[in-house]
Amino acid sequence: MNAIQIMKEEHTYIKRMLKVLRQACLNILEGQTVDYQLFTDSVDFIRNYADKYHHSKEEDVLFKKMQEEIQDKDTLSAVQGMFIEHDFGRLFIYNLVKALDKVQAGDADAKVDIIGNAIPYTDLLTRHIDKEDNALYDFGVKALSDQIVEEVDILSKTIDDKPENIKQIQKYTNMVVDLEKRVGI
Ligand SMILES: [Fe+2]
Ligand SMILES: [Fe+2]
């Protein structure tokens, strides 16, 4: 698989985790106690697999090459928009963790902040991934020269083949399957 195909496959795992997060919120609304471990594991996945691993490949490899090689202003602002959405996602997750801490400390009202940050995060990332899957990735490949696309593949493969990343990818893709069972989907 080339870099784009691999990143699209990573999106499938991220989207499954977004469904886990949504179901965990529905479970709270239906009266279940907040499953801290499930939320903590979801945040671990989001921060380390979706953000540190997947988003950094976009930011440091594909989008970086697009910014360096493509002059068109509309494309550059579309790429910039992706960076901004990654940052908004980080803010939602930061606030989600704060809300989890508050609820765990006895502030039951903060349950609304768990849901109020988790659901907008799932909405943001779902639309973000759709844009990448259906427009931006393919546009990038078409606009870049064959040589640069090959460089993107090589740089991405270097990241994917690091022993610590091979272990992490295995850990987090297994985690998705486990969390789906735990949340009841
Ligand atoms: Fe992205
Ligand atoms: Fe992505």
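Shown above is the structure to which this text applies.
Residues numbered from 1 in each chain as written. Chains lettered and ligands numbered in written order. Predicted model: local features only at pLDDT ≥ 70, side-chain atom pairs only at ≥ 80, totals over all residues.

Things to note about the environment of Ala135
Part 1: When you line up the elements, Ala135 lands in helix α4 (residues 111-143).
Part 2: Accessibility expressed as a C-beta count within 10 Å gives 11 for Ala135, which makes it exposed.
Part 3: As a C-alpha pair, Ala135 and Tyr121 span 14 residues in sequence and 21 Å in three-dimensional space. (Helix = DSSP H or I, 4+ residues; strand = E, 2+ residues; numbered from the N terminus. Buried ≥ 20, exposed ≤ 12 C-beta atoms within 10 Å, placed from the backbone.)

Some words on the packing of helix α2 (residues 36-69) against helix α6 (residues 163-183)
Part 1: As a packed pair, α2 and α6 sit with axes 10 Å apart at the nearest point and diverge in direction by 145°. Handedness of the α2/α6 crossing: left-handed. Along the contact surface, α2 presents Leu38, Asp41, Ser42, Phe45, Asn48, Tyr49 and Tyr53, while α6 presents Asn165, Gln168, Tyr172, Met175, Leu179, Arg182 and Val183.
Part 2: Split into classes, the residues belonging to the contact of α2 with α6 amount to 8 nonpolar, 4 polar and 2 charged. (Axes fitted to C-alpha atoms, helices over the stretch in contact; angles between N-to-C directions. Left-handed = near helix turned anticlockwise from the far one by under 90°. Contact = placed C-beta atoms within 7 Å. Nonpolar A, V, L, I, M, F, W, Y, C, P; charged D, E, K, R; others polar.)

Here we look at the environment of Tyr13
Part 1: Among the secondary structure elements, Tyr13 is positioned in helix α1 (residues 3-29).
Part 2: If we ignore the near neighbours within four places in the chain, the residues touching Tyr13 are Thr173 and Val176.

With respect to the environment of Ser77
Part 1: Residue placement: Ser77 occurs in helix α3 (residues 73-104).
Part 2: Classification of Ser77 by C-beta neighbours within 10 Å gives exposed; the count is 10.
Part 3: For the pair formed by Ser77 and Tyr13, sequence separation is 64 residues and the distance between their alpha carbons is 27 Å.

A short note on the packing of α3 against α4
Part 1: Where α3 contacts α4, the two axes come as close as 9 Å, and the packing angle between them is 160°. One finds that α3 runs roughly antiparallel with respect to α4. Crossing of α3 against α4: the hand is left-handed.
Part 2: Looking at the contact of α3 with α4 residue by residue, the classes come out as 17 nonpolar, 5 polar and 3 charged. (Parallel < 35°, antiparallel > 145°, perpendicular 65-115°, else oblique.)

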